[in-house]
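# Descriptive analysis of the structure
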Amino acid sequence: MDRKQLQYQVACMRKSLFDQGYLDEQFNQLEDLQDEANPNFVEEVVTLFYSDSARFIHNIEQAMINKPNIDYGKLDDYMHQFKGSSSSFGAKKVKKECSQFRECCSAGNIEGCIKTFRQLKLEHATLKRKLETYFQLVKQAGIAERR
Amino acid sequence: MANTSSFSSSPSTKFSFDEKPHVLAVDDNLIDRKVIERLFINSTCKVTTAENGKRALEYLGLADGQHPNHNDLKVNLIITDYSMPGMTGYELLKRIKESPTMKEIPVVVVSSENIPTRINQCMQGGAQEFLLKPLQLSDATKLRCHIKKPLQGGFAGEDDHA
């Protein structure tokens, strides 16, 4: 596939990620920070997020196991961090689930928390797959550019 | 001490427009540290990051038991998250503003939460500005302009410290 076609594919995929609400403006902001010296900044941020968030997910799961004595304050703290990280690179759907979770937390609604958390993990995994494909495409288009 | 007043004015007398401003960014969130760092590097600043208030104070030489050592240290802007474990951004702000040697450094507080009482508290506490996360390049560029302006207060030889 030639450069133009690859670039077109990148643009299409990018547009659909935004149109379908997976990403918001903050992702644009980060892409704008990339230059020749740092062409993969966004991918680095996303990679860091996914390695970091594995820990959050584990902590949150652990905190929800102790059913009669849930520490909602602790859960909320974890989710505040998680939400902050997602928001920083424009992960719109993930961020939305985090907000939803925090609402359930403040209402002491453990069933709501469990349900929302399931949804959150789904969005988290879906975005990861989509971004992996996107970054792969970007790299391919970049390589094609250099030839 | 006789030397303290000359140290307190040295950050501005050594400041030259050819040198990159040095930003100290304090945030317990790894992703945010990475993003803030890039925002300021792209605005042609040097950046040092700290993961919490305690580390920031240690870096500035303001931790308990430390003797301030300003021979080499030049920080032109401190940007700190509000919600951090151990010491909030507000508490860090207060500590910096209480320091005779560091109080002139502009401190910007950032938060993901838009809480008016929190904002007022920080502004009353001497914050240069309070910004909402996530930060964007325009925020960093704007802040960098603040650094470029001449600092107010008793510099350029004025001796306002005992």
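Here's a quick rundown of the structure. In this text the structure is predicted, and so the values were computed from the model without any measurement.

Tallying secondary structure elements over chain B gives 6 helices and 5 strands in all. For chain B, buried positions account for 49% of its 162 residues. Considering only residue pairs separated by 6 or more positions, chain B has 66% of its internal contacts joining residues 24 or more positions apart. Carbon together with sulfur atoms contributes 51% to the accessible area of chain B, which is approximately 8,100 Å² in total.

Turning next to the pattern of salt bridges. Within the structure shown, the criterion is met by 17 salt bridges over all chains. Between aspartate 19 of chain A and lysine 15 of chain A there is a salt bridge; the shortest N-O distance is 2.7 Å. Separated by 4 residues within a single helix, aspartate 19 of chain A and lysine 15 of chain A lie in helix α1 (residues 3-19), roughly one turn from each other. As far as burial versus exposure is concerned, aspartate 19 of chain A and lysine 15 of chain A are alike and both exposed. A salt bridge links arginine 118 of chain B to glutamate 113 of chain B, with the shortest nitrogen-to-oxygen separation between them at 3.3 Å. For arginine 118 of chain B, a relative accessible area of 14% gives the class buried. The exposure class assigned to glutamate 113 of chain B is partly exposed, which follows from its relative accessible area of 22%. Linked by salt bridges that have partners in common, Asp76 and Arg102 of chain A together with Glu113 and Arg118 of chain B make up one network.

Opposite the 17 residues of chain B that make contact, chain A presents 19 residues. When chain B packs against chain A, close to 1,700 Å² is buried across both sides, 57% of that on carbon and sulfur atoms. When residues of chain B are sorted by the area they lose upon contact with chain A, Ile31, Lys34 and Arg38 of chain B head the list and together hold 36% of the total. Linking chain B to chain A there are 2 salt bridges. For glutamate 113 of chain B, the salt bridge goes to arginine 102 of chain A, with nearest N and O atoms at 3.7 Å. Linking chain B to chain A there are 8 residue pairs in polar contact (both at pLDDT 80 or more). Here the side of chain B that touches chain A gets 8 residues from one element, more than from any other, and that element is helix α2 (residues 30-42) of chain B. A class-by-class count of the residues in the side of chain B that touches chain A yields 7 nonpolar, 5 polar and 5 charged.

This brings us to the packing of aromatic side chains. Residues and elements named next belong to chain A. Scanning the entire structure with this criterion turns up 8 aromatic pairs over all chains. Positioned above the aromatic ring of phenylalanine 56 is the side chain of arginine 55, whose terminal nitrogen or guanidinium carbon lies 5.2 Å from the ring centre. The ring of tyrosine 22 has lysine 93 sitting right over it, with the charged end atom 4.3 Å from the ring centre.

Before going further, it helps to examine the side chain of threonine 116 of chain A. By the element assignment, threonine 116 of chain A lies in helix α6 (residues 110-146). In this structure threonine 116 of chain A touches Glu97, Gln100, Phe101 and Cys104 of chain A, once residues within four positions along its chain are discounted.

By size, the foremost hydrophobic cluster in this structure holds 60 residues, and its most contacted members are Phe82 and Leu131 of chain A together with Phe40 and Ile79 of chain B. Looking at which element gives the most residues to this core, the answer is helix α3 (residues 41-65) of chain A, with 11 residues. Ignoring anything within four residues of it in the chain, the contact list for isoleucine 79 of chain B reads Val23, Leu24, Ala25, Val26, Ile36, Phe40, Val108, Val110, Leu135 and Leu143 of chain B. The next biggest cluster of nonpolar side chains, apart from the first, holds 25 residues, and it includes Ala56, Leu93, Cys122 and Ala127 of chain B.

We now examine the packing of helix α4 (residues 72-88) of chain A against α2 of chain B. Where α4 of chain A contacts α2 of chain B, the axes come no closer than 8 Å and their chain directions differ by 30 degrees. As far as their axial angle goes, α2 of chain B and α4 of chain A are roughly parallel. α2 of chain B is crossed by α4 of chain A, and the crossing has left-handed handedness. Between α4 of chain A and α2 of chain B, the residues in contact are Gly84, Ser85 and Ser88 of chain A and Ile31, Asp32 and Val35 of chain B, respectively.

With that settled, consider the environment of glutamate 97 of chain A. Residues and elements named next belong to chain A. Residue position: glutamate 97 is located in helix α5 (residues 92-106). Considering only alpha carbons, one finds glutamate 97 and lysine 83, 14 residues apart in sequence, at a separation of 8.6 Å. If we ignore the near neighbours within four places in the chain, the residues touching glutamate 97 are Thr116, Gln119, Leu120 and Glu123.

Taking 1.5 Å as the rise per residue, α3 of chain A with 25 residues should run 36 Å; its terminal C-alpha atoms sit 37 Å apart, in good agreement. Where α3 of chain A bends most, at aspartate 52 of chain A, the angle is about 25 degrees.

Criteria and cut-off values
Along each chain, the written sequence defines residue order, and numbers are assigned to residues from 1. As they are written, the chains are lettered A onward and the ligands numbered 1 onward, keeping that order. Where local features are concerned, this predicted model is filtered to residues with pLDDT of at least 70; where side-chain atom pairs are given and counted, the filter is 80 or more; whole-chain, interface and lining totals use all residues. No hydrogens and no water enter the side-chain calculation; it runs on all heavy atoms of the structure. The helix count covers DSSP runs of H or I at least four residues long, the strand count covers runs of E at least two residues long, and both are numbered beginning at the N terminus. Buried means the residue's accessible area, taken with a 1.4 Å probe over protein chains only, is under 20% of the maximum for its type, while exposed means over 50%, and partly exposed covers the values in between. Here a residue-residue contact requires only that any non-hydrogen atoms of the pair lie within 4.5 Å. Per-residue accessibility takes into account occlusion by the displayed protein chains alone, with areas from the Shrake-Rupley method and a 1.4 Å probe. One side-chain nitrogen of Lys or Arg within 4 Å of one carboxyl oxygen of Asp or Glu is enough to make a salt bridge. Computed with a 1.4 Å rolling probe, the buried area is the accessible surface lost when two parts are put together, summed over both parts. By the criterion applied in these results, polar contacts are pairs of N or O atoms within 3.5 Å in which, for protein atoms, one can donate a hydrogen and the other can accept it, and in which residues neighboring in sequence qualify only through two side-chain atoms. The nonpolar class holds Ala, Val, Leu, Ile, Met, Phe, Trp, Tyr, Cys and Pro. Asp, Glu, Lys and Arg form the charged class, and all remaining residues, Gly among them, are polar. For Phe, Tyr and Trp, where Trp contributes only its six-membered ring, two rings pair if their centres lie within 6.5 Å, and the inter-plane angle classes them as stacked under 30 degrees, edge-to-face over 60, or tilted in between. Any Lys NZ or Arg CZ found within 6 Å of a ring centre and within 35 degrees of that ring's normal is scored as a charge over the ring. Buried residues of nine kinds, namely Ala, Val, Leu, Ile, Met, Phe, Trp, Tyr and Cys, make up a nonpolar core once their side-chain atoms join them within 4.5 Å. Helix axes use the C-alpha atoms of the stretch in contact, all axes being lines fitted to C-alpha atoms, and the angles between their N-to-C directions lie in the range 0 to 180 degrees. Small angles under 35 degrees read as roughly parallel and large ones over 145 as roughly antiparallel, with 65 to 115 read as roughly perpendicular and the rest as oblique. Take the far helix as your reference; a near helix turned counterclockwise from it by less than a right angle gives a left-handed crossing, and one turned clockwise gives a right-handed crossing. Expected helix span is given by 1.5 Å per residue-to-residue step, counting one fewer step than there are residues. Bend, at a single residue, is the angle you get between axes fitted to the 7 residues ending at that residue and the 7 residues starting at it.

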